[in-house]
Amino acid sequence: MTDRLPGAPLDELPLTEKKNQLSLAFTHMVASAAGCSIKSHTTDYDGVDITVTSSAEYEMWYAPDFELQLKCTEQESRYLKEDYMAWPMEAGPFRRLTNPKRYNAALLGVLVVPDLGVPWLDQDKDRLLLRGRMYWQWASKLGEIPDTQDSKIVHLPTSNLFDVEQLLGIMRHIGDGGHR
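Okay, so let's go over this structure. The residue numbering used here restarts from 1 in each chain and proceeds along that chain's sequence as written. It should be noted that, the model being predicted, local features are given only for residues of pLDDT at least 70 and side-chain atom pairs only at 80 or more, the latter also being counted only at that level, while totals for whole chains, interfaces and linings use all residues. Only hydrogens and water are set aside; all other atoms, that is, all heavy atoms of the structure, feed into the side-chain values.

1. Observations concerning the pairing of strand 6 (residues 121–124)
Sheet analysis places strand 6 next to strand 7 (residues 127–130), joined by four bridges and oriented antiparallel. The partner of Asp122 across the bridge, within strand 7, is Leu129. When DSSP finds two or more bridges between two strands, those strands count as paired. In this description a helix means any DSSP run of H or I spanning at least four residues, a strand means any run of E spanning at least two, and both kinds are numbered starting from the N terminus. Linking strand 6 back to strand 7 in an antiparallel pair, the connection comprises two residues.

Structure (structure tokens):
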């Protein structure tokens, strides 16, 4: 299997960067549709790629936000199980993302796109269709990793689809005083 999409030029972006950009674009589209915005980070050293923020006022907080670590895969059959996605994480990024002293709530989101032979994006004059779905989980629910372990498989429930309705629910949960 090649790491290039069919018909792509030889000097295109590497597959890993295309998946990174697609996960950012997907998240941006969902956030925009939910009335939220995205704050970019210049690095993801702290275990997150972006911050998603709301301008709404909730029971406890005005303008809640959360940090999001993004991943993307075209290997659905490898990672997707019946009730959850099993995603491998290296120890360093895992510990930064799940640090209990993290000030803002953090989530892990994994975008699943079709195999490379199937176009990820379809567009015509009336619509833009991205073939994929993102599963998410609170970093605080990913568990712990022993100091002697180099990596960990984390589980993201398939019921946690990153869509407008669930994003609004995440914001409401944070805004009402949960997961700060």
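2. A short note on a nonpolar patch on the surface
Residues forming no salt bridge and having over 30% relative accessible area are the ones grouped into patches, like charges within 9 Å of each other and nonpolar side chains (Val, Leu, Ile, Met, Phe, Trp, Tyr) within 5 Å. Only the protein chains shown count as cover for residues, and the accessible areas themselves come from Shrake-Rupley with a 1.4 Å probe. When a carboxyl oxygen of Asp or Glu is within 4 Å of a side-chain nitrogen of Lys or Arg, the pair counts as a salt bridge. Together, Met29, Leu121 and Leu128 make up a nonpolar patch on the protein surface, roughly 280 Å² of accessible area in all. Residue position: Leu128 is located in strand 7.

3. What about the layout of surface pockets?
Put simply, the grid is 1 Å and covers the protein atoms alone, a cavity is a trapped set of points that fit a 1.4 Å probe, a pocket is an open set with protein on both sides within 12 Å along at least five of seven lines, and lining residues have an atom within 4 Å of a point. Grid points are joined across faces, edges and corners, and a volume is the space filled by probe spheres set on the points. Roughly 370 Å³ of volume is contained in the largest pocket. Every residue lining the largest pocket is counted, 19 residues in all, and those nearest its centre are Leu97, Thr98, Asn99, Pro100 and Ser140. In this classification, Asp, Glu, Lys and Arg are treated as charged, Ala, Val, Leu, Ile, Met, Phe, Trp, Tyr, Cys and Pro as nonpolar, and every other residue, Gly included, as polar. The residue makeup of the lining of the largest pocket, split by class, is eight nonpolar, six polar and five charged. Considering only enclosed or pocket space, the second largest pocket measures out at about 240 Å³ in volume. In terms of lining, the second largest pocket is formed by Thr16, Glu17, Lys19, Asn20, Ser23, Asp44, Asp49, Gln69, Leu70, Lys71 and Cys72. Of all the secondary structure elements, the ones that give two or more residues to the lining of the second largest pocket are helix 1 (15–33) and strand 3 (65–73). With five residues, helix 1 is the largest single contributor of residues to the lining of the second largest pocket. Class assignment for the residues of the lining of the second largest pocket results in two nonpolar, four polar and five charged.

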